Amino acid sequence: MTEEIIRTAEKSLDLVLPFYEGQGVPLSYRPKIVYINEVHPLFPEGVARAKAEVDFLQFADKILSVSMLQESWRKFYSLEFSEKALEELFTATLNYAGNGNVQIHPLEKRIAEDDSGIFLFKPYNEFSQDTKARDRILAHEVWHLIEQERGVINVAPMINEGTATYAERRFVGKKGKKSIEDYEDYFSMIYNGSAKLVQDYVDSEENPLKAVLETSIRLKIEDELLRRIKPKLIATLEKTLESQENMFAIGESMKQLPVFARIQGNVTAENLLRAYEEIGAQLFVEEAKRQDLTKFVEFMKKSGL
Ligand SMILES: [Zn+2]
């Protein structure tokens, strides 16, 4: 079965690679394809993934952008933090998590150790009768690899899924009609909504796909994307927090970090601050100490921490 799946994916590559070459944006090598007969537990609907090294720090940094964090702390806990303190908190948390303090999922480990270019997952089989959809999937993944090879994948990491979706749409000759504001969930905004934004910026260029690879254009698109999704993300976050189930999910994810797992059932302002201090967010702790943390402590308790 695996061989058959790889064979059909190779057929898609036979169409996709010449397409990009014809557009003046070739991938210089033929990527190796691997099929993993599993549903990725973290991305259950994920059909495929390109081995494109996106700097997670940069990516997450853009999503959360400090101004959004600032607004969230103000809105949910009535706390004021400087941008510097939030930047430090954010980087410190990611570094702490990355330093072996959080377990990496076995499937992620396997992908990390494999130098193939494209990974297909079990849901890819749902398209076994749909040649066009399969070609599209490969067109999307190959675009990630093209951006990686050109060294622009981390230039504006927020738009990577939008640019790959745009490239995929060009491959099938389709245009996007719905804008960011027409979507409700985060993933649709970040894939389809941002693909439409990319289209708005480059479609009238002489060579649209080449334009997508230009740093200055990418940064402009990313700026606009962030500006437009920010209010929606904060509204979504507010709604998310209304459900106790979601609160528990937040608690669960915090418990992944040993410093928080240790204070489970014993959440006080003092213990929370000690945990943040241990992570390395000194400035954040200093600013927090001067404020009333009641709301924040209540929130954390509600999350089941
Ligand atoms: Zn993608």
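Refer to the structure above for everything that follows.
Source: prediction; values computed, not measured.

Cut-off values and rules
- Residues numbered from 1 in each chain as written.
- Predicted model: local features only at pLDDT ≥ 70, side-chain atom pairs only at ≥ 80, totals over all residues.
- Helix = DSSP H or I, 4+ residues; strand = E, 2+ residues; numbered from the N terminus.
- Rg over C-alpha atoms; globule rule 2.2 N^0.38 Å.
- Buried ≥ 20, exposed ≤ 12 C-beta atoms within 10 Å, placed from the backbone.
- Contact = placed C-beta atoms within 7 Å.
- Core = buried A, V, L, I, M, F, W, Y, C linked by C-beta atoms within 7 Å.
- Pairing = 2+ DSSP bridges.
- Axes fitted to C-alpha atoms, helices over the stretch in contact; angles between N-to-C directions.
- Parallel < 35°, antiparallel > 145°, perpendicular 65-115°, else oblique.
- Left-handed = near helix turned anticlockwise from the far one by under 90°.
- Nonpolar A, V, L, I, M, F, W, Y, C, P; charged D, E, K, R; others polar.

Engineer: Which parts of the structure should I look at to understand the overall build of the protein?
Structural biologist: For the protein, the count of helices and strands is 15 helices and three strands. Expected size for 305 residues packed as a compact globule is a radius of gyration near 19 Å; at 21 Å, the protein falls within 12% of this value. Considering only C-alpha atoms, the protein reaches an extent of 60 × 45 × 30 Å along its principal axes. When each of the 305 residues of the protein is scored for burial, the buried share is 28%. For the protein, contacts bridging at least 24 residues in sequence account for 75% of all contacts bridging at least 6.

Engineer: It is not clear to me how the nonpolar core should be interpreted in this structure. Could you clarify?
Structural biologist: Taken as a class, soluble globular proteins show a tendency for nonpolar side chains to be buried jointly. Residues Leu 120, Val 142 and Val 198 are the most contacted members of the largest nonpolar core, which totals 41 residues. Of all the secondary-structure elements, those providing two or more residues to this core are α1 (2-22), β1 (33-36), β3 (118-121), α6 (131-149), α7 (160-172), α8 (186-202), α9 (208-212) and α10 (215-240). No other element matches the seven residues that α6 contributes to this core. Residues within four places of Val 198 in sequence aside, it is in contact with Ile 159, Gly 162, Thr 163, Tyr 166, Val 212 and Ile 221. In this structure, Leu 89, Leu 272, Ala 275 and Ala 288 belong to the second largest nonpolar core, which totals 17 residues.

Engineer: Could you clarify how one ought to interpret the pairing of β3 in this entry?
Structural biologist: Two faces, one strand: in a regular strand the side chains alternate between the faces of the sheet. Side-chain alternation along β3 places Ile 118 and Leu 120 on one buried face and Phe 119 and Phe 121 on a second face that is also buried. Taken together, the four bridges between β1 and β3 define a ladder with parallel strand orientation. Across the sheet, residue Ile 33 finds its bridge partner in β3, namely Ile 118. Here strand β2 (residues 48-50) pairs with β3 via three bridges, running antiparallel. By the bridge assignment, Arg 49 is partnered in β3 with Phe 119.

Engineer: Honestly, the packing of α6 against α7 in this entry has me stumped. Any pointers?
Structural biologist: When two helices pack together, you describe them by how their axes are tilted relative to each other and by the distance separating the axes. Between α6 and α7, the shortest axis-to-axis distance is 8 Å and the interhelical angle comes to 130°. Between α6 and α7, the interaxial angle falls into the category oblique. Crossing geometry of α6 relative to α7 is assigned as right-handed. Counting all contacts with α6, which are made through Lys 132, Arg 136, Ala 139, His 140, Trp 143, His 144 and Glu 147, the residues of α7 involved are Asn 160, Thr 163, Ala 164, Thr 165, Ala 167, Glu 168, Phe 171 and Val 172. Taken together, the residues that form the contact of α6 with α7 break down as six nonpolar, five polar and four charged.

Engineer: How should the sheet that holds β1 be read in this particular structure?
Structural biologist: Working definition: the strands of a sheet are paired by backbone hydrogen bonds and lie parallel or antiparallel to each other. Ordered by their spatial adjacency, three strands build an open sheet running β1-β3-β2, and the pairing between neighbours is mixed. Edge positions in the sheet fall to β1 and β2, since each of these pairs with one other strand and no more. The mean angle between the axes of side-by-side strands here comes to 20°, regardless of whether they run parallel or antiparallel. Contacting β1 and β3, α1 runs over the sheet at an angle of about 140° to β1. Against the sheet, α6 contacts β2 and β3, and its axis sits at roughly 20° relative to β2.

Engineer: Explanation requested: unusual backbone geometry in the structure shown.
Structural biologist: Excluding glycine, residues mostly have negative phi values, and the peptide bonds linking residues are mostly trans. Located in the positive-phi region is Ser 78, a residue other than glycine, with phi close to 55°. Mapped onto the elements, Ser 78 comes out in the loop between α3 (66-77) and α4 (83-101).

Engineer: Help me understand the environment of Ala 156, please; the structure alone is not making it clear to me.
Structural biologist: Tracing the chain through its elements places Ala 156 in the loop between α6 and α7. Ala 156 sits in the buried class, given 23 other C-beta atoms within 10 Å. For Ala 156 and Ile 217, which are 61 residues apart along the polypeptide, the C-alpha to C-alpha distance reads 9.6 Å. Other than its neighbours up to four places away in sequence, Ala 156 contacts Arg 218, Leu 219, Ile 221 and Glu 222.

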